[in-house]
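Reading the structure
The chain contents come next:
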Amino acid sequence: MNSTEIKGNWNELKGKLKQKYADLTDDDLLYEEGKEDEMYGRIQQKLGKTKEEWNDIVSNL
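Structural notes, computed from the coordinates. None of these values were measured; they are calculated from a predicted model.

Definitions and limits used
- Residues numbered from 1 in each chain as written.
- Predicted model: local features only at pLDDT ≥ 70, side-chain atom pairs only at ≥ 80, totals over all residues.
- Heavy atoms only, no water.
- Core = buried A, V, L, I, M, F, W, Y, C linked by side-chain atoms within 4.5 Å.
- Buried < 20%, exposed > 50% of the residue type's maximum accessible area, 1.4 Å probe, protein only.
- Helix = DSSP H or I, 4+ residues; strand = E, 2+ residues; numbered from the N terminus.
- Contact = heavy atoms within 4.5 Å.
- Arc of directions from axis to C-beta.
- Phe/Tyr/Trp six-rings, centres within 6.5 Å; stacked < 30°, edge-to-face > 60°.

As a further point, take the nonpolar core. Formed by 14 residues in total, the largest nonpolar core has its most connected members in Trp-10, Leu-17, Leu-24 and Ile-43. Counting residues per element, the ones that place at least two in this core are α2 (10-20), α3 (36-47) and α4 (51-59). Excluding its chain neighbours within four sequence positions, the residues that come into contact with Leu-17 are Trp-10, Leu-24, Leu-29, Trp-54, Ile-57 and Leu-61.

Structure (structure tokens):
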């Protein structure tokens, strides 16, 4: 899933991520235009996942 697809479906993806990973907060999942890498970094750090693992998680939602 590329960044355009993620941006278009972010609210749906955010809900699924919060269900699957209760540790994630709204602040962790706050999507801001131009700050996607910062958000992904917060999520990866909180979940202890690599960028590749994160991409797999999002693709499988």
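Now that the structure has been shown, we can carry on.
Time to look at α4. Turning to α4, its buried residues are Trp-54, Ile-57 and Val-58. Axial view of α4: buried residues confined to an arc of 95°, hence all on one face.

Overall, the coordinates contain two aromatic pairs when judged by the stated rule. On the basis of an interplanar angle of 40° and a centroid distance of 6.1 Å, the ring pair of Trp-10 and Tyr-31 is categorised as tilted. In this pair, Trp-10 is assigned in helix α2 and Tyr-31 in the loop between α2 and α3, connecting sequence segments 21 residues apart. A residue is classified by how much of its surface remains accessible, and Trp-10, at 6% relative accessible area, is buried. Here Tyr-40 and Trp-54 contribute two aromatic rings whose centre-to-centre distance is 6.0 Å and whose plane-to-plane angle is 45°, an arrangement assigned as tilted. Within this pair, whereas Tyr-40 is found in helix α3, its partner Trp-54 is found in helix α4, the two being separated by 14 residues in sequence. The class for Tyr-40 is buried, based on a relative accessible area of 12%. On the basis of relative accessible area, Trp-54 is assigned to the buried category, the value being 2%.

Coordinates in, geometry out; function isn't part of it.
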